[in-house]
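So the chains spell out like this:
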Amino acid sequence: QPAPPPPALPPPPPPKAARLIGLPLDKLALPDMADEINAKLAQVKLVGATDATLATVSMETAQLQSECTEPTDGCYLRVARLLEGDRLLWAQVEKVAAKGRKKKAKASTRLQVILFDRDKLGVTGQGEETIVGPVTAQAVDKVIAAAVGSQMATATPQEPAAPTMAAPRPAA
């Protein structure tokens, strides 16, 4: 009598989606745009990651809670562990004083968006731009796109939108 066939192995579990955590920009850093930047960070979708969850603390606060303040991969890893996230995404702003002696010289803002990958133990994306005058939504989109680049899960804003009306058909 032939031996019974071995039991079928269950299929392997699907790969675990990485947990994406957005760290909000402190409202004092850029009072007129912080809420919009934070909303944009929360909308980022990465390939292989869950929808972004906005943390309740900024990167600076999370670093203090992790007892590290240096901008190093080791420090970011401690923050990722603290927040139980696999990817961290945050914005940093720095005011740049106007150069020159002209009275009308405008101050600039240096905007950075950084993506840290806990699995790769390092920063995997970074976007940066120095913006003269007020920070605009378009500038924020550009810097976020530069930071997440090829890891973005949705269509980029540069792609044309689908037409809303069908084009008229030529007569046969």
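Above: the structure in question.
Attention in this report is confined to the structure presented alongside it.

Criteria and cut-off values
- Residues numbered from 1 in each chain as written.
- Predicted model: local features only at pLDDT ≥ 70, side-chain atom pairs only at ≥ 80, totals over all residues.
- Heavy atoms only, no water.
- Phe/Tyr/Trp six-rings, centres within 6.5 Å; stacked < 30°, edge-to-face > 60°.
- Helix = DSSP H or I, 4+ residues; strand = E, 2+ residues; numbered from the N terminus.
- Buried < 20%, exposed > 50% of the residue type's maximum accessible area, 1.4 Å probe, protein only.
- Core = buried A, V, L, I, M, F, W, Y, C linked by side-chain atoms within 4.5 Å.
- Contact = heavy atoms within 4.5 Å.
- Disulfide = S-S within 2.5 Å.
- Salt bridge = Lys/Arg side-chain N within 4 Å of Asp/Glu carboxyl O.
- Pairing = 2+ DSSP bridges.
- Axes fitted to C-alpha atoms, helices over the stretch in contact; angles between N-to-C directions.

Before going further, it helps to examine the packing of aromatic side chains. Evaluation of the coordinates by the stated rule reveals two aromatic pairs. Aromatic pair Tyr-76 and Phe-116: ring centres 5.8 Å apart, planes at 70 degrees, arrangement edge-to-face. Of this pair, Tyr-76 sits in helix H3 (residues 73–83) while Phe-116 sits in strand E4 (residues 108–117), and the two are 40 residues apart along the sequence. Of the two residues, Tyr-76 and Phe-116, both sit in the buried class. Grouped by ring-pair contacts, the aromatic residues Tyr-76, Trp-90 and Phe-116 constitute a single cluster.

Counting 26 residues, the largest nonpolar core has Leu-20, Ile-37, Leu-89, Val-113 and Val-148 as its most contacted members. Looking at this core, the elements with two or more residues in it are helix H1 (34–42), strand E3 (87–96), E4 and helix H4 (137–148). Residue contributions to this core peak at six residues, all from H4. Residues contacting Leu-89, with those up to four places away along its chain left out, are Leu-20, Ile-21, Gly-22, Leu-23, Leu-41, Val-44, Val-113, Ile-114, Leu-115 and Val-148. Within the second largest apolar cluster, 15 residues are counted, among which are Leu-23, Met-59, Ala-80 and Phe-116.

Looking at the secondary structure, you find Thr-109 in strand E4. Judged by relative accessible area, Thr-109 falls into the buried class, the value being 3%. Excluding anything up to four places from it in sequence, Thr-109 contacts Leu-30, Val-93, Glu-94, Lys-95, Glu-129, Thr-130, Ile-131, Gly-133 and Val-135.

On to the state of the cysteines, then. Using the criterion set out here, one finds one disulfide in the structure. Across the disulfide, Cys-68 is cross-linked to Cys-75 (sulfur-sulfur distance 2.1 Å). Every disulfide takes its handedness from the sign of the S-S torsion; for Cys-68 and Cys-75 that torsion is 80 degrees, giving right-handed. By relative accessible area, which is 10% here, Cys-68 ends up buried. Of the residues examined, Cys-75 reaches a relative accessible area of 2% and is grouped as buried.

A few words now on the pattern of salt bridges. As enumerated under the stated definition, the model contains eight salt bridges in all. For Arg-110, the salt bridge identified is with Glu-94, shortest N-O distance 2.4 Å. Of this pair, Arg-110 sits in strand E4 while Glu-94 sits in strand E3, placing them 16 residues apart in sequence. Glu-94 sits in the partly exposed class, given a relative accessible area of 40%. Note that Lys-142 and Glu-129 form a salt bridge whose closest N and O atoms lie 3.5 Å from each other. Note that Lys-142 is positioned in helix H4 and Glu-129 in strand E5 (residues 122–132), a separation of 13 residues in sequence. Each of the salt bridges in this network shares a partner with another, and the network as a whole consists of Arg-87, Asp-117 and Asp-119.

Once that is clear, we can look at the sheet that holds E4. Sheet architecture is open: five strands sit in the order E2-E1-E3-E4-E5, paired in mixed fashion. A single partner strand is all that each edge strand has here, and the edge strands are strand E2 (53–54) and E5. Relative to E3, strand E1 (residues 20–23) is paired through four bridges, and the arrangement is parallel. Considered in E3, the bridge of Leu-20 is made with Arg-87. Its contacts with the sheet put H3 on E1, E3, E4 and E5, and the angle it makes with E3 is roughly 125 degrees. Lying on the sheet, H4 is in contact with E3, E4 and E5; it crosses E5 at an angle near 155 degrees.

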